[in-house]
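Each chain, letter by letter, is given below.
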Amino acid sequence: MKRTNRTLMVLLPTLVLLLLGTLMAATVPSPPPSPKVDDLLPPETPTGVPTATATPSPLTLPTLTPTLTPTLARREFLETFEVKVAPTSFLPGRGPVLPGEFVYAGRRLDFYVGRGTFSAEQVRDLAVKIEYALGYLQRRFDVELTDRVSIGFYNPALAPTSDTRGIAFTHDRTNIRIFYRPNEEPYQALVIATHELAHALQAEAYGREVQSRADLVLLEGLATWISGEYWLSLSDSPSFQARARELYQAGYRGNLASFAGSANSMAAYEMWAGFVEYLARTYGWDKFNELYANGRGRAPGSADYRGIYGKSFQELYTEWYATLHG
């Protein structure tokens, strides 16, 4: 064998080993680059708070004007909004269009806000509470709305009188106006809204024509009574009878109809609610409904009391006053 061939035979194994080593080195992955500090942080939200630490803020309930007492603690359900197993009724369409900005559509109510009153955010917060309150009112009076109602919030300068906080227009499609300034307590407005919604339920129960001539004592007394726990929470009274006893002992007595001219309209409404409660409890709701339906006009004490009860208006409230002694 020639010298050249022998040399190739000797070098061939070495060449094969070198080739295999080169191929193996080409398939080994290079180590990843060292991570930067920024790559170890979670991605940021638009506000700059890492998503890993961002949590939804808890529901903040409004501060109530009354001092929290055992009686008010009993009413904490008013400010609770858990999901119900059976949802409330839903009324389709849209309520009457009101001035201002449309801010919220509930299951049965539509909400608007004008200038110089609560913010749109505050009205939306109130809207949820008012929808919840409507369910309570409907159960208490055993009547439900059949058409959507619109509620608007406006500055008191737009109210028909300087002391008007709420008004319900029920002659056609019901709409409600609430009058409050930006810095006033929203819970007070919630109570007023329940009173005005009670007028809407009266129109449903008795008819709009009947309501248009209802005795003022019965009209406002019943609306206050329907508001129930919401209205009573302002005075921390356990019942309208108890509240009427407090007012009676404070000097609210005499001609019940004359309270219509009282400077304290809230006390007048509460006394009338106590009278309504007395009539319904003592003589039954059937007779009361008949009395309401036989109104002769807005004049307080003008309904047909003698025709329904066999006693005059004065005889009935005097009889009721006797239960407020002591």
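Let us look at the structure shown here. The model shown is predicted, which means the values in this text are computed figures rather than measured ones.

Most of strand β5 (residues 175-179) is tucked away, with four of its five residues classed as buried. In this structure, strand β3 (residues 149-154) lies alongside β5, joined through five bridges in parallel fashion. Looking at the pairing, Ser-150 lines up with Asn-175 of β5. Both strand β4 (residues 166-169) and β5 contribute to a ladder of four bridges, which runs antiparallel. Bridging from a neighbouring strand, Phe-169 pairs with Asn-175 of β5. With antiparallel pairing between neighbouring strands as the criterion, β4 and β5 make up a hairpin whose turn holds five residues.

The phi torsion at Asp-142 lies on the positive side, around 60°, for a residue other than glycine. You can see Asp-142 is positioned in the loop between α3 (120-141) and β3. The exposure class assigned to Asp-142 is exposed, which follows from its relative accessible area of 70%. Here Asp-236, not a glycine, exhibits a phi torsion of approximately 60°, which is positive. With respect to the element layout, Asp-236 can be found in the loop between α7 (229-232) and α8 (240-249). Here Asp-236 falls in the partly exposed class, since its relative accessible area comes to 27%.

Attention now moves to the environment of Arg-253. Within the fold, Arg-253 resides in the loop between α8 and α9 (265-283). Sequence separation between Arg-253 and Thr-318 is 65 residues, and the spatial gap between their C-alpha atoms is 9.3 Å. Leaving out residues up to four positions away in the same chain, Arg-253 has contacts with Tyr-248, Phe-259 and Tyr-321. Separated by 2.8 Å, the side chain of Arg-253 and the backbone oxygen of Tyr-248 make a polar contact.

Sizing a probe to match a water molecule and rolling it over the atoms shows the empty space that remains. For the structure on display, the rule yields one cavity of 30 Å³ or more. Empty space within the largest cavity amounts to approximately 50 Å³. Forming the boundary of the largest cavity are Leu-145, Asp-147, Arg-148, Val-149, Thr-174, Ala-200, Ala-203, Glu-204 and Arg-208. Broken down by element, the residue count for the lining of the largest cavity peaks at three residues, all from helix α4 (residues 186-206). Class assignment of the residues belonging to the lining of the largest cavity gives a composition of four nonpolar, one polar and four charged.

Turning our attention to α3. Its 22 residues place the ends of α3 30 Å apart at the C-alpha level, agreeing with the 32 Å of an ideal helix rising 1.5 Å per residue. Taken from the residues just after α3, Asp-142 is the one with a positive phi, measuring 60°.

The strand order β1-β2-β3-β5-β4 describes an open sheet built from five strands, whose pairing is mixed. Either end of the sheet is taken by a strand with one partner, and the two such strands are β1 (101-105) and β4. Across the sheet, the axes of successive neighbouring strands diverge by a mean angle of 20°, strand direction being ignored. With four bridges connecting them, β1 and strand β2 (residues 109-113) associate as antiparallel partners. Bridging from a neighbouring strand, Ala-105 pairs with Asp-110 of β2.

Aromatic ring pairs are reported here in terms of the distance separating the ring centres and the angle at which the planes meet. Taken as a whole and assessed by the stated rule, the structure comprises 22 aromatic pairs. Measuring from ring centre to ring centre gives 6.2 Å for Phe-118 and Phe-153, while their planes differ by 55°; the resulting arrangement is tilted. Taken together, the residues Phe-118 in the loop between β2 and α3 and Phe-153 in strand β3 connect sequence positions 35 residues apart. By relative accessible area, Phe-118 is classed as buried at 2%.

What follows covers the packing of α9 against helix α10 (residues 285-293). Contact geometry for α9 and α10: axes closest at 7 Å, N-to-C directions at 130°. Here α9 lies oblique to α10, going by the angle between them. Counting all contacts with α9, which are made through Val-276, Leu-279, Ala-280 and Tyr-283, the residues of α10 involved are Trp-285, Lys-287, Phe-288 and Leu-291. For the contact of α9 with α10, the class distribution of residues is seven nonpolar, no polar and one charged.

Another aspect to go through is the layout of surface pockets. Estimates place the volume of the largest pocket at around 920 Å³. What lines the largest pocket is a set of 34 residues, and nearest its centre among them are Gly-166, Glu-196, Glu-220, Ser-265 and Tyr-269. If you list the elements that add at least two residues to the lining of the largest pocket, you get β4, α4, α6 (216-227) and α9. At six residues, the largest contribution of residues to the lining of the largest pocket is made by α4.

The rules behind these values
- Residues numbered from 1 in each chain as written.
- Predicted model: local features only at pLDDT ≥ 70, side-chain atom pairs only at ≥ 80, totals over all residues.
- Heavy atoms only, no water.
- Buried < 20%, exposed > 50% of the residue type's maximum accessible area, 1.4 Å probe, protein only.
- Helix = DSSP H or I, 4+ residues; strand = E, 2+ residues; numbered from the N terminus.
- Pairing = 2+ DSSP bridges.
- Contact = heavy atoms within 4.5 Å.
- Polar contact = N/O pair within 3.5 Å; in protein donor to acceptor, adjacent residues only side chain to side chain.
- 1 Å grid on protein atoms, 1.4 Å probe; cavity = no way out; pocket = protein on both sides within 12 Å on 5 of 7 lines; lining within 4 Å.
- Points joined across faces, edges and corners; volume = space filled by probe spheres on them.
- Nonpolar A, V, L, I, M, F, W, Y, C, P; charged D, E, K, R; others polar.
- Expected span 1.5 Å × (residues − 1).
- Axes fitted to C-alpha atoms, helices over the stretch in contact; angles between N-to-C directions.
- Phe/Tyr/Trp six-rings, centres within 6.5 Å; stacked < 30°, edge-to-face > 60°.
- Parallel < 35°, antiparallel > 145°, perpendicular 65-115°, else oblique.

Don't take any of this as a statement about function, it's just geometry.
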